[in-house]
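One letter stands for each residue in the lines below.
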Amino acid sequence: MQKFGKINKERKVQTRHRPTGMAARVLARVIPFALLVSRSHATPGAASFASLGGRPYKVAYDERALTINGERALFLSGSLHYPRGTPDDWNGWLDDAVSNGLNMVEIYVFWNLHMPTEHGAGVWSGGANFTDFIERCASRGLFVYLRVGPYVCAEWTYGGIPLWLAQKEGVRFRESNPVWQAAMEDFFQQVVQRTAAARQFAPQGGPVMLVQVENELQPTDRPYVDWCGKMAEEALRAVGAGSVPLTMCNGETAANSINTCNGEDCAPFADARGQSGRVLVDQPALWTENEGGFALWAGSAAGEPSYFWARSVSELARNSLRWFARGGSLINYYSQLHARACARARG
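### Some points on the state of the cysteines
Under the criterion given, the structure shown has one disulfide. Cysteine Cys249 remains unbridged, with the sulfur of Cys153 as its closest cysteine sulfur at 9.1 Å. Residue classification places Cys249 among the buried positions, given a relative accessible area of 1%.

### Observations concerning the pairing of strand S8 (residues 246-249)
Burial of the side chains of S8 extends over both faces: Leu246 and Met248 are buried on one face and Thr247 and Cys249 on the other. Relative to S8, strand S7 (residues 208-213) runs parallel, the two being bridged by two bridges. Residue pairing for S8: Gln212 is matched across the bridge by Thr247. On the question of chirality, the crossover connecting S7 to the parallel S8 by way of helix H8 (residues 222-238) is right-handed. In terms of strand pairing, S8 meets strand S9 (residues 257-263) through four bridges, oriented parallel. When the sheet's bridge partners are listed, Leu246 is paired in S9 with Ser257.

### Considering the pattern of salt bridges
Scanning the entire structure with this criterion turns up 15 salt bridges. When the shortest N-O distance is used, the salt bridge between Arg174 and Glu214 registers 2.7 Å. You can see Arg174 sitting in the loop between helix H6 (163-166) and helix H7 (178-197) and its partner Glu214 sitting in the loop between S7 and H8, a full 40 residues away along the chain. Exposure class is identical for Arg174 and Glu214. Each is buried. Among the salt bridges present, the one from Asp265 reaches Arg322, with a minimum N-O distance of 2.9 Å. A residue pair is termed long-range when its members are at least 10 positions apart, and Asp265 in the loop between S9 and helix H9 (267-271) and Arg322 in helix H10 (residues 313-325) qualify at 57 residues. On the basis of relative accessible area, Asp265 is assigned to the partly exposed category, the value being 30%. For Arg322, a relative accessible area of 27% translates into the label partly exposed.

### Here's the deal with the pairing of S9
Burial analysis of S9 places seven of its seven residues in the buried class, which makes it a mostly covered element. Here S9 runs beside strand S10 (residues 286-291); their pairing, made up of three bridges, is parallel. Bridging across to S10, Cys261 finds its partner in Trp287.

### Topic: the packing of aromatic side chains
Scanning the model with the defined rule gives 18 aromatic pairs in all. Considering the side-chain rings of Tyr82 and Phe110, the 5.9 Å spacing of their centres and the 75° angle between planes classify their relative orientation as edge-to-face. In this pair, Tyr82 sits in the loop between strand S4 (71-79) and helix H3 (87-99) while Phe110 sits in the loop between strand S5 (104-108) and helix H4 (111-114), placing the two residues 28 residues apart along the sequence. Residue Tyr82 is classed as buried on the basis of its relative accessible area of 0%.

### Topic: H7
In this model, H7 (20 residues) spans 28 Å end to end at C-alpha, consistent with the 28 Å of a helix rising 1.5 Å per residue. Inspection of H7 places Trp180, Gln181, Ala183, Met184, Phe187, Phe188, Gln190, Val191, Val192, Thr195 and Ala196 among the buried residues, and these make up the whole buried set. Tucked into the core, H7 has its buried residues touching H4, helix H5 (130-139), strand S6 (143-149), H6, S7 and H8. At the C-terminal side of H7, Arg199 shows a positive phi close to 55°.

### Side note on H8
In an α-helix, one turn spans 3.6 residues, which is why side chains three or four residues apart end up on the same side. In this model H8 runs 24 Å from its N-terminal to its C-terminal C-alpha over 17 residues, within 8% of the 24 Å that 1.5 Å per residue would give. For H8, every residue scored as buried is listed here: Tyr224, Val225, Trp227, Cys228, Gly229, Met231, Ala232, Ala235 and Leu236. Immediately beyond the C-terminal end of H8, within one or two residues, lies Gly240, with a positive phi of roughly 80°.

### As for unusual backbone geometry
Look at the link from Gly149 to Pro150: it is a cis peptide, with omega at 15°. Locating Pro150 in the fold gives a position in the loop between S6 and H6. The phi dihedral of Cys153 falls on the positive side, at around 60°, and the residue is not glycine. Relative to the assigned elements, Cys153 resides in the loop between S6 and H6. A residue is classified by how much of its surface remains accessible, and Cys153, at 22% relative accessible area, is partly exposed. With phi around 60°, Arg174 is a residue other than glycine that occupies positive phi space. For Arg174, a relative accessible area of 17% translates into the label buried.

### Focus on the side chain of Ser79
Tracing the chain through its elements places Ser79 in strand S4. For Ser79, a relative accessible area of 3% translates into the label buried. At a separation of 2.8 Å, a polar atom in the side chain of Ser79 contacts the side chain of Asn332.

Quick notes on the rules
- Residues numbered from 1 in each chain as written.
- Predicted model: local features only at pLDDT ≥ 70, side-chain atom pairs only at ≥ 80, totals over all residues.
- Heavy atoms only, no water.
- Disulfide = S-S within 2.5 Å.
- Buried < 20%, exposed > 50% of the residue type's maximum accessible area, 1.4 Å probe, protein only.
- Helix = DSSP H or I, 4+ residues; strand = E, 2+ residues; numbered from the N terminus.
- Pairing = 2+ DSSP bridges.
- Right-handed = clockwise from strand over helix to strand, strands pointing away.
- Salt bridge = Lys/Arg side-chain N within 4 Å of Asp/Glu carboxyl O.
- Phe/Tyr/Trp six-rings, centres within 6.5 Å; stacked < 30°, edge-to-face > 60°.
- Expected span 1.5 Å × (residues − 1).
- Contact = heavy atoms within 4.5 Å.
- Polar contact = N/O pair within 3.5 Å; in protein donor to acceptor, adjacent residues only side chain to side chain.

Shown next as structure tokens:
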């Protein structure tokens, strides 16, 4: 950790005033507005993990925002997927996140990466060492939103579901099914236990302040939805992190979880009080994935031959501002920051 802190200190001096790329151009428009809004008593203020000094802290929420030790907090986040590079890449990615003005990183955990076979200890070292990645986030003052799933989509093979599970007799994915639920619970608990062993949850003074279970769950049997929330809550409580809020994104949501939005424009989601009817009523408005960035090489956001997620800086900024104007208090840039990091790595 001391080594990472030294790297961080040196790179901050070099990059703090030189944010570049699409994420930087969008944030240059969004951050001044968000911080201006945050100055009123009724709205959140920008949060900093570094300001907590490694002490345990309480994360909760009301209808307006997530709260840290009772104070409403504003989050500007970016998605970074640790296995899409090597540990040698991670410091540069995270330095870019800091230089682009973010105070949070969202990460998925990839089931088929960590458990390629049903039996055995699994793969948790090298590029699969997600707790090392989280520690590097912490050393840069970044909060972490841990999206366990364990189905994650993420433009990843089978959404992270391991092949061996598909071969088990009687299995049905993502519904009330004893084969699926036993495997899902086992992996979820492994991730939670490893995070707790590294002392990375908020009640331990760590950066992990939100946990997601499932992912974009479309209509299914309600008992499964409620089981997801209960299973995740019990797993967190078992390691002393039961106060960490749970989320479920863009679909069915358990009663104990915050319903969050994925998409290119989440203002209508906020206007509709989310899919649960509880957003901005007794839960905050959280935009889990402000999607974009998958354009064909040399394509244009204005038309073909762009791929379906090509978007202009002005559109990203406009929709982000609309989100904050509707009462949003967390926004996460999905893919744009990663595209910038990958371009940087390739020179």
